[in-house]
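Chain and residue survey
Below are the chains, spelled out letter by letter.
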Amino acid sequence: MRMPSLIWFLHFMNLTKGLDGTRRSSSVSRLCPAGCATCSAPNGCLSCKPRLFFHLEMDGMRQRGTCVSSCPRGHYGMRSPHISTCARCKDDCSSCFSENFCTHCHPGHFLFRGKCENSCPDGLTANTVLRECTECSVDCEMCVRSTVCVSCRADLYLLHGQCQLTCPAGFESDVQLMQCIPQVHCEVGGWTDWGPCVRKRSTQASRRGQETRDRQVVRSPSVHGDACPHVSESRKCALKKRPE
């Protein structure tokens, strides 16, 4: 593994004495940012205290040296006897453990055995959420983990991340979504008051009439849920005599 030339140059400048002879003096070290063993005003840290990593970060249009306990995302720690540095991961890795072992991938790539691939091998699903190749169960068409399906193969219904041949009690099959959905039974509200007593047209001579009351459907049933009871009913009533 090769150390970037700029890091070597800064490290070399640290090992050589400056023009004013104060580059490595204790008074200068006390003015350095936290973690720096030595530094300069234009370049930031030149060397780091033990166990820290030297990292170049952008400062406007310039790069400045910093000393960090762990390397930022997109970099990995590379230790050597002289100076420990943060090296950049490969272009398709968003984070990595080492030069040749990715831990997360950029969009459009999928992690498989430490590599970021454009597609997954046969038998594995390209998980766009985790950006990795996932081994699904035999009934799964796509999954987010080996035990959690998001879609099933033909003729199976999805329920709580698992694929079912038939839906259990309390659920019914949605053949469009191919999912088991909760079974919904009809719910109705309370009855209204009885309406006015009205004479039927067929009983003009009778003193008996009819009054009606209703109730509203609060929740409609699903396809296989319990149907709604009647929402309107009538009963006979006595007509009031008209005043003479």
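It should be emphasised that the depicted structure is a prediction, and the values quoted were computed from it without experimental measurement.

Conventions and cut-offs
Residues numbered from 1 in each chain as written. Predicted model: local features only at pLDDT ≥ 70, side-chain atom pairs only at ≥ 80, totals over all residues. Heavy atoms only, no water. Helix = DSSP H or I, 4+ residues; strand = E, 2+ residues; numbered from the N terminus. Buried < 20%, exposed > 50% of the residue type's maximum accessible area, 1.4 Å probe, protein only. Contact = heavy atoms within 4.5 Å. Areas by Shrake-Rupley, 256 points an atom, 1.4 Å probe, with all protein chains shown as cover. Salt bridge = Lys/Arg side-chain N within 4 Å of Asp/Glu carboxyl O. Disulfide = S-S within 2.5 Å. Polar contact = N/O pair within 3.5 Å; in protein donor to acceptor, adjacent residues only side chain to side chain. Core = buried A, V, L, I, M, F, W, Y, C linked by side-chain atoms within 4.5 Å.

With that settled, the discussion passes to the overall build of the protein. Across its full length, the protein holds two helices and 22 strands. By residue count, 30% of the 244 residues in the protein fall in the buried class. Considering only contacts within the protein whose residues lie at least 6 apart along the sequence, 28% involve residues at least 24 apart. Taken as a whole, the protein presents about 16,800 Å² of accessible surface, with 53% of it coming from carbon and sulfur.

The next subject is the pattern of salt bridges. For the structure on display, the rule yields five salt bridges. In this structure, Glu-211 and Arg-235 form a salt bridge, with 2.4 Å as the shortest nitrogen-oxygen distance. Of the two residues, Glu-211 sits in strand 20 (residues 208-214) while Arg-235 sits in strand 22 (residues 232-238), which places them 24 residues apart along the sequence. Residue classification places Glu-211 among the buried residues on the basis of a relative accessible area of 12%. Note that Arg-213 is salt-bridged to Glu-233, the shortest N-O span being 2.5 Å.

Throughout the structure, instances matching the rule amount to 14 disulfides. There is a disulfide in this structure between Cys-152 and Cys-163, and the S-S distance comes to 2.1 Å. Across the disulfide from Cys-152 to Cys-163, rotation about the S-S bond amounts to roughly -95°, and the bridge is consequently left-handed. Remark: Cys-163 occurs in strand 16 (residues 162-164) and Cys-152 occurs in strand 14 (residues 148-152); sequence separation between them is eleven residues. In this pair, the class of Cys-152 matches that of Cys-163, namely buried.

Let us now look at the environment of Ser-173. The topology assignment puts Ser-173 in strand 17 (residues 171-174). Distance in space between the C-alpha atoms of Ser-173 and Leu-156 is 9.6 Å, their sequence separation being 17 residues. What Ser-173 contacts, discounting residues up to four positions off in sequence, is Tyr-157, Cys-167 and Gln-179.

In this section: the side chain of Ser-222. Within the fold, Ser-222 resides in the loop between strand 21 (217-219) and strand 22. A polar contact of 2.7 Å, which involves the side chain of Ser-222, links it to the side chain of Glu-172. Other than its neighbours up to four places away in sequence, Ser-222 contacts Glu-172, Gln-183 and Val-184.

It is worth spelling out the nonpolar core at this point. Ranked by size, the top nonpolar core spans ten residues in total: Tyr-76, Met-78, Ala-87, Cys-89, Cys-93, Cys-96, Cys-102, Cys-105, Leu-111 and Cys-116. Listed by contribution, the elements that provide at least two residues to this core are strand 5 (75-78), strand 7 (93-98) and strand 8 (101-105). Not counting chain neighbours up to four residues away, the residues in contact with Cys-116 comprise Asp-92, Cys-93, Cys-102, His-104, Cys-105, His-109, Phe-110 and Leu-111. Of all hydrophobic cores here, the second largest spans nine residues; its members include Cys-39, Cys-48, Leu-56 and Cys-67.

If you trace the backbone, Thr-134 turns up in strand 12 (residues 132-134). If we ignore the near neighbours within four places in the chain, the residues touching Thr-134 are Leu-124, Thr-125, Asn-127, Cys-143, Val-144, Arg-145 and Ser-146.

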